[in-house]
Amino acid sequence: MISLDEFERFRALIYGESGIALSEQKRTLLASRLTKRLRDLGLETFSDYYETVTRDSTREEFTRMLDLISTNKTDFFREPKHFEFLRDQVLPGVGPDKRIRIWSSACSTGEEPYTIAMTLYEGVEDPRQWEFEILASDLSTRVLAKAAAGVYDEDRFRDVPSEVLRRHFLRGRGDSAGKFKVKPHLASVVQFRRLNLMDDRFPIKAPLDLIFCRNVMIYFDRPTQETLVNKFYRYLKPGGYLFIGHSESLQWVQHPFAAVAPTIYRKET
Ligand SMILES: C[S@@+](CC[C@H](N)C(=O)[O-])C[C@H]1O[C@@H](n2cnc3c(N)ncnc32)[C@H](O)[C@@H]1O
């Protein structure tokens, strides 16, 4: 079992590095999630593992630990109202330059940014006349590697209409049967990068039209959410939008956005 002192040290480390706030009740959960990793590394105690994590200057072990304690759950077309809003409200309002820049800021294994890309391709008359740019980032290098590979099992696409799937993904054959790989035109508009939402500044070409920050703020405490949402504001164009997860809320957070629909916020001009 993890001692209270060990738990507190992990808790402070995780909060400081990722913003993820673990409550006291998560003590057993943390211990059970980390136990296998300790065993794999041949370590006896949680304190030994703490030393391993904090001594690793590459931050790889920290990332591995975070993968064990946070969820990377995601889906294509998850919370579809956001993509309908993008298609019906955002795209028609884009200026004559036909340029749109979007940031998927906790992109996990890539389903969210590829869904955004499909929505853009499907939502305009002639995509060749448009410039789509999607920056997709996450803290975890493991999920980013999967996202950049762009290969998914067929059952991941249950919410993607089959003709849309066919237009944007290649069906695998032989050894890759049952898998689909993102087609080059879709892959070319998504750029993956490791970014920590806790960083003071993001190395991003601002301003953006849209920021997706879905299903990650739920792990952050209120002050962290507030800092982040106000940071996002600075990276958006006037008229730009912030999308958050359907189970998340900015109700208790001070921010300058206007709420335009459930979980959709606008930076007013
Ligand atoms: C549940 S997934 C959400 C995926 C997607 N946005 C969605 O709604 O389907 C949460 C993701 O947030 C990432 N994450 C957690 N803390 C983070 C941080 N401080 N900076 C960037 N990403 C973080 C995790 O690695 C994980 O992939």
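Definitions and limits used
- Residues numbered from 1 in each chain as written.
- Predicted model: local features only at pLDDT ≥ 70, side-chain atom pairs only at ≥ 80, totals over all residues.
- Heavy atoms only, no water.
- Helix = DSSP H or I, 4+ residues; strand = E, 2+ residues; numbered from the N terminus.
- Polar contact = N/O pair within 3.5 Å; in protein donor to acceptor, adjacent residues only side chain to side chain.
- Contact = heavy atoms within 4.5 Å.
- Near = heavy atom within 4 Å.
- Areas by Shrake-Rupley, 256 points an atom, 1.4 Å probe, with all protein chains shown as cover.
- Nonpolar A, V, L, I, M, F, W, Y, C, P; charged D, E, K, R; others polar.
- Buried < 20%, exposed > 50% of the residue type's maximum accessible area, 1.4 Å probe, protein only.
- Pairing = 2+ DSSP bridges.
- Axes fitted to C-alpha atoms, helices over the stretch in contact; angles between N-to-C directions.
- Arc of directions from axis to C-beta.
- Salt bridge = Lys/Arg side-chain N within 4 Å of Asp/Glu carboxyl O.
- Domains from an automatic or database assignment.
- Buried area = accessible area lost by both parts, 1.4 Å probe.

(A) Geometry of the side chain of Ser 140. Take Ser 140: it is sitting in the loop between strand 2 (131-138) and helix 7 (141-149). Within the structure, Ser 140 has its side chain in polar contact with the side chain of Asp 67 (distance 2.7 Å). Within polar-contact distance, the side chain of Ser 140 engages the backbone nitrogen of Val 143 at 3.2 Å. Residue contacts for Ser 140: discarding those within four places in its chain leaves Thr 63 and Asp 67.

(B) Highlighting the site of the ligand. Within the structure, the ligand sits among 20 residues, and Thr 74, Arg 78, Ala 106, Asp 138 and Asn 215 are positioned closest to it. Glu 112 has a polar side-chain atom sitting 3.0 Å from a nitrogen atom of the ligand. For the ligand, a nitrogen atom lies 3.0 Å from a polar atom in the side chain of Asn 196. A total of 610 Å² of accessible area belongs to the ligand in isolation, and the protein chains cover 99% of it. Partitioned by chemical class, the residues of the shell around the ligand number 7 nonpolar, 8 polar and 5 charged.

(C) Layout of the environment of Leu 68. Note that Leu 68 resides in helix 4 (residues 60-69). Residue classification places Leu 68 among the partly exposed positions, given a relative accessible area of 31%. As a C-alpha pair, Leu 68 and Ser 176 span 108 residues in sequence and 28 Å in three-dimensional space.

(D) How the structure looks around the environment of Met 217. Here Met 217 lies in the loop between strand 7 (208-213) and helix 10 (222-235). Given the relative accessible area of 3%, Met 217 is considered buried. The spatial distance from the C-alpha of Met 217 to the C-alpha of Arg 171 is 35 Å, given a sequence separation of 46 residues. Leave out the neighbours within four places in its chain, and Met 217 touches Gln 225, Leu 228, Val 229, Ile 244, Glu 248 and Leu 250.

(E) Here's a closer look at the sheet that holds strand 5 (residues 179-182). The 3 strands lie next to each other as 3-5-4, forming an open sheet whose pairing is antiparallel. The two strands at the open ends of the sheet, each matched to only one other strand, are strand 3 (151-153) and strand 4 (169-171). Across the sheet, the mean angle from the axis of one strand to that of its neighbour is 30°, orientation sign disregarded. The pairing of strand 3 with strand 5 spans 3 bridges and is classified as antiparallel.

(F) Representation of helix 7 in the model. Residues of helix 7 that are buried: Val 143, Leu 144 and Ala 147. Angular distribution of buried residues about the axis of helix 7 spans 100°; they occupy a single face of the element. In this fold, the buried residues of helix 7 make contact with helix 6 (111-123), strand 2, strand 3 and strand 6 (190-194). Measuring from the side-chain oxygen of the N-cap residue of helix 7 to the backbone nitrogen of Arg 142 gives 3.3 Å; that N-cap residue is Ser 140. Of the residues flanking the end of helix 7, it is Gly 150, one or two places downstream, whose phi is positive at about 65°.

(G) Representation of the pattern of salt bridges. This structure, assessed with the given rule, holds 25 salt bridges. For Glu 131, the salt bridge is made with Arg 99, and the minimal N-O distance between the two is 3.0 Å. In this pair, Glu 131 is assigned in strand 2 and Arg 99 in strand 1 (residues 99-104), connecting sequence segments 32 residues apart. With a relative accessible area of 31%, Arg 99 lands in the partly exposed category. Of the charged contacts, one joins Lys 237 and Asp 209 as a salt bridge, the two residues approaching to 2.8 Å between their closest N and O atoms.

(H) Main features of the domain arrangement of the chain. You can read the domains of the chain as domain 1 (4-69) and domain 2 (81-266). The gap between the C-alpha centroids of domain 1 and domain 2 is 29 Å. Contacts between the two partners involve 10 residues from domain 1, matched on the other side by 11 residues from domain 2. Of the roughly 880 Å² buried where domain 1 meets domain 2, counting both sides, 47% is carbon and sulfur surface. Counting every contact that joins domain 1 to domain 2 gives 1 salt bridge. Between Asp 67 and Arg 142 there is a salt bridge; the shortest N-O distance is 3.1 Å. The leading source of residues in the side of domain 1 that touches domain 2 is helix 4, at 4 residues.

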